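Report on the structure
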Amino acid sequence: MHRCVARAGLIAAALLTGAPPAVAEDASEKLAPCLACHGADGNSQIENVPSLGAQTAPYSLIQLFMYREKMRVNEPMNEAAKELTDDELQSMATALTTLPAPTPPDDPGDPTRLERARGLTEQNHCNVCHRPDFAGQQTVPRLAGQREDYLLKTLREYKSGARHAYEPIMLEALQPIDDAQLVEFAYYLSRLR
């Protein structure tokens, strides 16, 4: 499975270098069912469903590709992606970048807890790949403002190996981090703008 998943990153990267999608309105039509769960403005209101607004196009493209090819299994997502062409995947990934960034919770959070978690992200170098503002870059996802419940679920899945990325860096990076720290990461990241 890991070899196939690693190959997904290469294949999706090749899709990004192809010709740009011709029809933007087609992306809006294809995204409509997605945004029913992920939020009309890309800001999810459903527990454990990620917000997609302002996500990086390369990351979104890889995820859509992995769902289409069943390299990442989630029945509703596999079903939604199964008939999408390469151009449609690329169009949809590009369209997600134009949606507004996720809105952090109204609760600004505990300053002491936020500072402690910020320090943990620096100590563990999370801010290198995901950027200091956690807006993501290239194939690395945006985490700033993401739903706290989804972040915690995803971090736990990466740490346990239940979720596979197209490269093993998250599994490796999370091994020395305990669950209490994962809780702090999710708390902090969800409150970033």
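Please refer to the structure placed before this passage.
**Focus: helix H6 (residues 111-123)**
Helix length check: H6 (13 residues) gives 18 Å between terminal C-alpha atoms against 18 Å at 1.5 Å per residue, within 8%. Inspection of H6 places Leu-114, Ala-117, Leu-120 and Thr-121 among the buried residues, and these make up the whole buried set. Taken down its axis, H6 places every buried residue within 120 degrees of arc, on the same side. When the buried face of H6 is taken as reference, the exposed residues oriented beyond 90 degrees from it are Pro-111, Thr-112 and Gln-123. At the N-terminal end of H6, a side-chain oxygen is found 3.1 Å from the backbone nitrogen of Thr-112, two or three residues along, and the residue is Asp-110. Backbone geometry just after H6 places His-125 at a positive phi near 65 degrees.

**Here we look at empty space enclosed by the protein**
The method is simple in principle: a probe with the dimensions of a water molecule rolls over the atoms, and the space it marks as empty is what remains. Inspection of every chain in the model, using the stated rule, returns 1 cavity of 30 Å³ or more. Here the largest cavity is characterised by a volume of approximately 70 Å³. Together, 11 residues line the largest cavity, and Arg-163, His-164, Ala-165, Pro-168 and Leu-171 are the ones closest to its centre. The biggest single contributor to the lining of the largest cavity is helix H9 (residues 169-174), with 3 residues.

**Structural notes on the pattern of salt bridges**
Opposite charge on two side chains makes pairing possible when the charged atoms of those side chains draw close. What the rule picks out here adds up to 14 salt bridges. Notably, a salt bridge pairs Glu-79 with Lys-82, separated by 2.9 Å at the nearest N-O pair. Lys-82 gets classed as partly exposed once you look at its relative accessible area, which sits at 43%. Of the charged contacts in the structure, one is a salt bridge between Arg-191 and Asp-107, with a shortest N-O distance of 3.3 Å. One end of the pair, Arg-191, is in the segment after helix H10 (179-190); the other, Asp-107, is in the loop between helix H5 (86-96) and H6, with 84 residues separating them in the sequence. Judged by its relative accessible area of 15%, Arg-191 falls in the buried class. The structure contains a network of salt bridges with shared partners spanning Arg-68, Glu-69 and Asp-86.

Here is what the cut-offs are and how they apply
- Residues numbered from 1 in each chain as written.
- Predicted model: local features only at pLDDT ≥ 70, side-chain atom pairs only at ≥ 80, totals over all residues.
- Heavy atoms only, no water.
- Helix = DSSP H or I, 4+ residues; strand = E, 2+ residues; numbered from the N terminus.
- Expected span 1.5 Å × (residues − 1).
- Buried < 20%, exposed > 50% of the residue type's maximum accessible area, 1.4 Å probe, protein only.
- Arc of directions from axis to C-beta.
- Polar contact = N/O pair within 3.5 Å; in protein donor to acceptor, adjacent residues only side chain to side chain.
- 1 Å grid on protein atoms, 1.4 Å probe; cavity = no way out; pocket = protein on both sides within 12 Å on 5 of 7 lines; lining within 4 Å.
- Points joined across faces, edges and corners; volume = space filled by probe spheres on them.
- Salt bridge = Lys/Arg side-chain N within 4 Å of Asp/Glu carboxyl O.

Shape descriptors only; they carry no functional weight alone.
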